[in-house]
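# Summary of structural features
If you want the building blocks of each chain, they are given just below.
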Amino acid sequence: MSVLRSFAVVTVFWLFGTPFAHAEASCSGFDLSKWTADSVRDARSCLADFSLKGCDAGLCKKFEAWKVTEGVPEARAAGARQLLSLVRQDVNAMVSEFPSASVLDGDIKQLDHSLEQGVSPDRISNRQWVYNPQHATLSETGEPGDQKVDLGGLLSRECKAVVAPERCNVALRVSARLRMAALLVQAVITELQAPSRSQGAATIDELDERWAVYFDKGRFQYPWELAVNSHRYHRDPGFSGPPNDQWILLHPSVGYRYLNGSGKKLEQTLLLEVAGYYRWEWAGAEATKLRGGSLVVSWADTATEFRRGIGFLVHMPKNYSLGLVQERGASGHKIALVMSLDLGKVVQDPKSQKASFLEAIR
Amino acid sequence: MSHLVFLVHGMGIHETGWESKYIDALNAVYGRYGFLAKKKLTDRFTFVPIGYDDVFRETVANWALGATAFEAEAQKAGLSSTRLTSWLKGADAVDNNFKWTHAADVLMYKLFSLVRERVCVRVANQMVAALQEQIDKEGESRWSVMAHSLGTAVLHDTLARLWDKNSTLPGRDAFSACNTQAQVIAMIANVSRLLETKTDSEPYDTYETPVMPGSVGQEGRGCMYYFNARHKLDPFTVPKMFDPQVWPDAQALLEEPPLYTHVEVEHVHQWNVHDIGHYLDHPDVHVPLLRLLTDPTSISDKEYAQARADFKPFGTLQTDAAVRVRQKLEDAMAAQSSDWLVLGKVWQAFIGKGEKGGLA
């Protein structure tokens, strides 16, 4: 009989948990009145992990409705001030329970005043509303003697003693409401900054695309050319885009030569661009008006003789160059038309490069 | 809340999925602490890998392709003297090619401002895009970053540009240090000072830029907490060591926890003490880091003391083997006064032996 009774007790405890054990913290969802915690670190963890993602509380819905409204900046700011007013009402309702909440109230009032005065949202820091999990505080400024909302102190007082778990729950709920209020204020400022932020992000994205064009689609540079062009590179403060020109130095490449009267018509030749210059203009992320040229020496091993030449190349878009070289060989001086293929690209698609050349000389 | 944690890799080849090594290393230590482990690491944080390795790989591959094609044609033409390009042949090989897969990354980054700028813009674009997405979804940005080795220099230089007060970038105020302040910047095997550029056009002194800790929203302070971990036997962290004194100011150090945390460890569990997993394994590295990323109460002092007591300085290595490894590491050590060029010799002695050891 006693064995059965023990089994029944164990089963009840297993099914429902021991009535003397602490319950796990429950702090999911946005009905903050249901949040519970029974230790300081449970409560702090709830606050640290809190976000507005998926928030369906009344203030959140109002925020979402304002967020999608369109209008001139002044109208948006007016809408933001109405929202801030509602958040303030919520914060004020907590001052009697937690006097430190008045610090947050004062900060929101100051923010409202700034918006009223027409201060650009970009000049307003949104970090003031950030929760610092190390101290469990809001409105921390780091200034000596700053007045912050010390949620950590509240939770330490109310959640340390396990004799009154409901006090811990109340402290957690008050803290969570203040945290939510601060998050909403931060969200409002962040939303007001959206145009500026989008512009900044778009600029960085365009710079990234330009750099991709410069390195991936532009003329390929050997290490010594990269060193010279790096040395010449003049950058702007902050992020900077790629240059709009490039020096070419001792740049070996492979090309084709076309000699009028030659039996084979089209033969391969080695080229060395001794020195050259290439420039373009940026139109968004596109390089346009590409132009440039190089002094070049050439070597061609024909079926009958070895010919050396000297001349110039004019750089064309799409990584190929056309030029003329004066060749010397056993059969005398001759002028040959040459095309240089940018080696970094020719290995990727030699057939199309050759086709381009044939098309160019027709 | 989705606390974004950017992961910035170090030198070497990092193929798709490289971040799992970092996350696994962090997860391994995270799971040792009961309170933290109640919530999965990946539920607590959203890890965002930040890669820039492709910039180096593509550049080196182009060199190798160009050199190979030229050599082939030169030989056909009977030209034997191709010394101009022959040293670039094979630069794109990825196996046992430490010179080109690791050392070249650092050299290109240090020597070529064009490459450096391209890398920083690439990194910034990834970070800004992730922050934008977070703000759009949640109305706030909450982020931290953990960088390793070369990644520490890349991260510093990127953020120094983002928060440059002289920047003319449109919308720069929305991305100013006080509007996009990180919770934690964690630098593991910090070489940012070794690779810093201090010129008129790139005035990014690692002790002076906004990549420094400050109070919440403080002007010109890019993070709330800066965490710096160095292994005493890691030769990369010795020349021009990142070890500021009373930094960023006395007030920051009086805070609890201090806004700047510097930890040094000297355990030897493997030859490659530069490895990020080897760093994170030590309680003196991961406990302060996890506390900063979460909450100081998430790992109790008692748990921390127990973790330190249980931690074996030589891991699974036998004492004799550990002493030998340690001696070799000390022999390969660079001097604090050495500049970055000295690391070329260190690489030969140090990294060459650990090439398959999951470097950087």
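Parameters at a glance
Residues numbered from 1 in each chain as written. Chains lettered and ligands numbered in written order. Predicted model: local features only at pLDDT ≥ 70, side-chain atom pairs only at ≥ 80, totals over all residues. Helix = DSSP H or I, 4+ residues; strand = E, 2+ residues; numbered from the N terminus. Buried ≥ 20, exposed ≤ 12 C-beta atoms within 10 Å, placed from the backbone. Contact = placed C-beta atoms within 7 Å. Nonpolar A, V, L, I, M, F, W, Y, C, P; charged D, E, K, R; others polar. Pairing = 2+ DSSP bridges. Axes fitted to C-alpha atoms, helices over the stretch in contact; angles between N-to-C directions. Core = buried A, V, L, I, M, F, W, Y, C linked by C-beta atoms within 7 Å. Domains from an automatic or database assignment. Parallel < 35°, antiparallel > 145°, perpendicular 65-115°, else oblique. Left-handed = near helix turned anticlockwise from the far one by under 90°. pLDDT = per-residue confidence, 0-100.

A count of helices and strands for chain B gives 14 helices and six strands. Taken over 360 residues, chain B has a buried fraction of 53%. Sequence-distant contacts in chain B: of pairs separated by 6 or more residues, those separated by 24 or more amount to 77%.

It is worth spelling out the overall build of chain A at this point. Within chain A one finds eleven helices and eight strands. When the 362 residues of chain A are sorted by exposure, 42% land in the buried category. Taking all contacts inside chain A whose residues are at least 6 apart in sequence as the whole, residues at least 24 apart take part in 55%.

In this section: the interface of chain A and chain B. With 70 residues of chain A at the contact, the number on the chain B side is 66 residues. When contributions to the side of chain A that touches chain B are tallied by element, the ones reaching two or more residues are α2 (40–48), α7 (165–192), α8 (194–217), α9 (223–232), β3 (245–258), β4 (266–283), β5 (286–301) and α10 (343–346) of chain A. No other element matches the 13 residues that α8 of chain A contributes to the side of chain A that touches chain B. Split by residue class, the side of chain A that touches chain B holds 30 nonpolar, 24 polar and 16 charged.

Note: strands within a sheet are paired through backbone hydrogen bonds, in either parallel or antiparallel orientation. Residues and elements named next belong to chain B. In spatial order, the strands read β2-β1-β3-β4-β5-β6; together these six strands make up an open sheet with parallel pairing. Whereas interior strands pair on both sides, the edge strands pair on one side only; in this sheet they are β2 (45–50) and β6 (260–265). Across the sheet, the mean angle separating the axes of adjacent strands is 15° when strand polarity is ignored. Looking at chain direction, strand β1 (residues 3–8) and strand β3 (residues 143–148) are connected through five bridges and run parallel. By the bridge assignment for β3, Phe6 is matched with Val145. Sitting on the sheet, helix α7 (residues 113–138) is in contact with β1, β2 and β3, with an inclination near 155° to β2. Strands in contact with helix α8 (residues 150–162) are β1, β3 and β4 (182–188); relative to β3, the strand with the most contacts, it is inclined by about 135°.

With respect to the helices, strands and loops of the structure, Cys55 of chain A is situated in the loop between α2 and α3 (58–67). Once the C-alpha coordinates of Cys55 of chain A and Val87 of chain A are considered, the two residues, 32 residues apart in sequence, prove to be 15 Å apart.

Right, let's talk about the nonpolar core for a bit. Grouped together as the largest cluster of nonpolar side chains are 168 residues, with contacts concentrated most on Cys46, Leu104, Leu178, Val185 and Val188 of chain A together with Phe6 and Val145 of chain B. The element best represented in this core is α7 of chain A, accounting for 16 residues. Each of domain 1 (22–192) and domain 2 (221–361) of chain A gives at least three residues to this core. Apart from the residues lying within four places of it in its own chain, the contact partners of Cys46 of chain A are Ala25, Cys27, Trp35, Ala37, Leu172 and Ala176 of chain A. Core analysis: the next-biggest nonpolar cluster, separate from the first, contains five residues, Leu233, Val268, Val273 and Leu329 of chain B among them.

A few words now on the packing of helix α6 (residues 151–160) of chain A against α7 of chain A. Residue and element names in this part refer to chain A. For the pair α6 and α7, the least separation of the axes is 8 Å and the interaxial angle reads 165°. Comparing the axis directions of α6 and α7 gives the class roughly antiparallel. The two elements α6 and α7 cross, and the hand of that crossing is left-handed. Facing Leu151, Leu154, Leu155, Glu158 and Cys159 of α6, the residues of α7 in contact are Arg167, Cys168, Ala171, Leu172, Ser175 and Leu178.

A barrel is described by the order of its strands in space; here six strands give the closed sequence β3-β4-β5-β6-β7-β8 (chain A), paired in antiparallel fashion. When strand polarity is set aside, the average angle formed by the axes of neighbouring strands in this sheet is 30°. Pairing analysis gives ten bridges linking β5 of chain A to strand β6 (residues 306–316) of chain A, with the strands arranged antiparallel. Within β6 of chain A, the position partnered with Gly292 of chain A by the bridge is His315 of chain A. Relative to the sheet, helix α4 (residues 53–76) of chain B contacts β3 and β4 of chain A, its axis offset from that of β3 of chain A by approximately 40°.

Before going further, it helps to examine the pairing of β4 of chain A. All names here are of chain A. Alignment of β3 against β4, held across 13 bridges, turns out to be antiparallel. Bridge pairing in β4 places Trp247 opposite Tyr277. As paired elements, β4 and β5 share twelve bridges and run antiparallel to each other. Pairing of Tyr278 across the sheet is with Gly292, part of β5. Once β4 ends, the chain turns through two residues before running back antiparallel as β5, passing Gly284 with a positive phi of about 65°.

Here the focus is the confidence of the model for chain A. All names here are of chain A. On average, residues of chain A score 83 in pLDDT, and 84% of them reach the 70 mark or higher. No element of chain A has a lower mean pLDDT than helix α1 (residues 2–16), at 44, and none a higher one than α9, at 95. The model gives residues 6–23 a pLDDT under 50, and that stretch makes five contacts with residues more than four places away or in other chains.

All right, on to unusual backbone geometry then. Residue and element names in this part refer to chain B. Note the cis peptide between Trp247 and Pro248, where omega equals -5°. The omega torsion across Glu256 and Pro257 is -5°, close enough to zero to call that bond cis. Note on placement: Pro257 falls in the loop between α9 (250–254) and β6. Although it is not a glycine, Ala189 adopts a positive phi angle of roughly 55°. Here Ala189 shows up in the loop between β4 and β5 (223–231). Unusually for a residue other than glycine, Val246 sits at a positive phi of about 45°. Structurally, Val246 is set in the loop between β5 and α9. Residue classification places Val246 among the exposed positions, given that 10 C-beta atoms sit within 10 Å.

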